[in-house]
Amino acid sequence: MRVLLKLVLDCPPDAAWAAIRSPRGLRDVSAPFTTFESLEPAGFPDAWEAGDHPVLVKAFGLVPIGEQIIGISFPEREDGVRVMRDTGRGLSGPLALVTSWQHSIAIAPTADGRTLYRDQLVFTAGPVTPLLWVAYWAFWQWRAFGLRRFAPTWR
């Protein structure tokens, strides 16, 4: 199943890129619907680095949904579009039902200096895929709201 977002954000592309590379950016646009707590010994890094980052995910900061790995990479593109990809996996709870996870965020400039933000999640979870799609779709709509709300503050 696939969930997509395509937005024009009111901020420069460099600012959007810095925000999506920041664990704080993830937490800002996800809360309070979903919260993330780092399970790394030193906590969240200032900026995502390539590699695996274990997290605990909670609904509304209260109900544990499970643990997952956020598996970050930064694929190179020749067209100047910046991409961050997460190919992590769920480790426990409902998150462990997901058998395939490909989440990509692409940042590009618009003609007027704002940011074209594209966000795609492709996942499978066996027979519960349609049920999880509803949850992920709702979460992605919340993220879109948060992105639009916070983008003007990213400079």
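Residues numbered from 1 in each chain as written. Predicted model: local features only at pLDDT ≥ 70, side-chain atom pairs only at ≥ 80, totals over all residues. Heavy atoms only, no water.

Asker: Whenever I open this one, empty space enclosed by the protein confuses me. Can you help?
Answerer: If you roll a probe as big as a water molecule over the atoms, it shows you where there is empty space left. Applying the stated criterion across every chain yields a total of 1 cavity of 30 Å³ or more. In terms of lining, the largest cavity is formed by Gln-68, Ile-69, Asp-86, Gly-88, Arg-89, Gly-90, Leu-95, Val-98, Trp-101 and Tyr-136. Elements that contribute at least two residues to the lining of the largest cavity include exactly strand E4 (63-73) and strand E6 (89-90). Taken together, the residues of the lining of the largest cavity break down into 5 nonpolar, 3 polar and 2 charged. (1 Å grid on protein atoms, 1.4 Å probe; cavity = no way out; pocket = protein on both sides within 12 Å on 5 of 7 lines; lining within 4 Å. Points joined across faces, edges and corners; volume = space filled by probe spheres on them. Helix = DSSP H or I, 4+ residues; strand = E, 2+ residues; numbered from the N terminus. Nonpolar A, V, L, I, M, F, W, Y, C, P; charged D, E, K, R; others polar.)

Asker: Is there a simple way to think about the pairing of E4 in this case?
Answerer: Looking along a regular strand, one sees the side chains alternate between the two faces of the sheet. Of the pairings in the sheet, the one linking strand E3 (residues 51-59) to E4 comprises 9 bridges and is antiparallel in character. Of the residues in E4, the one forming a bridge with Asp-52 is Gly-71. In this antiparallel pair of consecutive strands, E3 and E4, the connection spans 3 residues, and Phe-60 shows a positive phi of 55 degrees. Relative to E6, E4 runs antiparallel, the two sharing 2 bridges. Considered in E6, the bridge of Ile-69 is made with Arg-89. (Pairing = 2+ DSSP bridges.)

Asker: Hey, could you run me through the packing of helix H2 (residues 23-30) against helix H3 (residues 129-150) in this one?
Answerer: When two helices pack together, their arrangement is given by the angle between their axes and by how far apart the axes lie. The geometry of H2 relative to H3 is characterised by a closest axis approach of 7 Å and an angle of 110 degrees between their N-to-C directions. The angle between H2 and H3 places the two elements in the roughly perpendicular class. H2 and H3 meet at a crossing whose hand is right-handed. On H3, the residues touching Leu-26, Asp-28, Val-29 and Ser-30 of H2 are Phe-139, Trp-142, Arg-143, Gly-146, Leu-147 and Phe-150. Tallied by class, residues from the contact of H2 with H3 come to 6 nonpolar, 2 polar and 2 charged. (Axes fitted to C-alpha atoms, helices over the stretch in contact; angles between N-to-C directions. Parallel < 35°, antiparallel > 145°, perpendicular 65-115°, else oblique. Left-handed = near helix turned anticlockwise from the far one by under 90°. Contact = heavy atoms within 4.5 Å.)

Remember, this is a structural readout, not a statement about activity or role.
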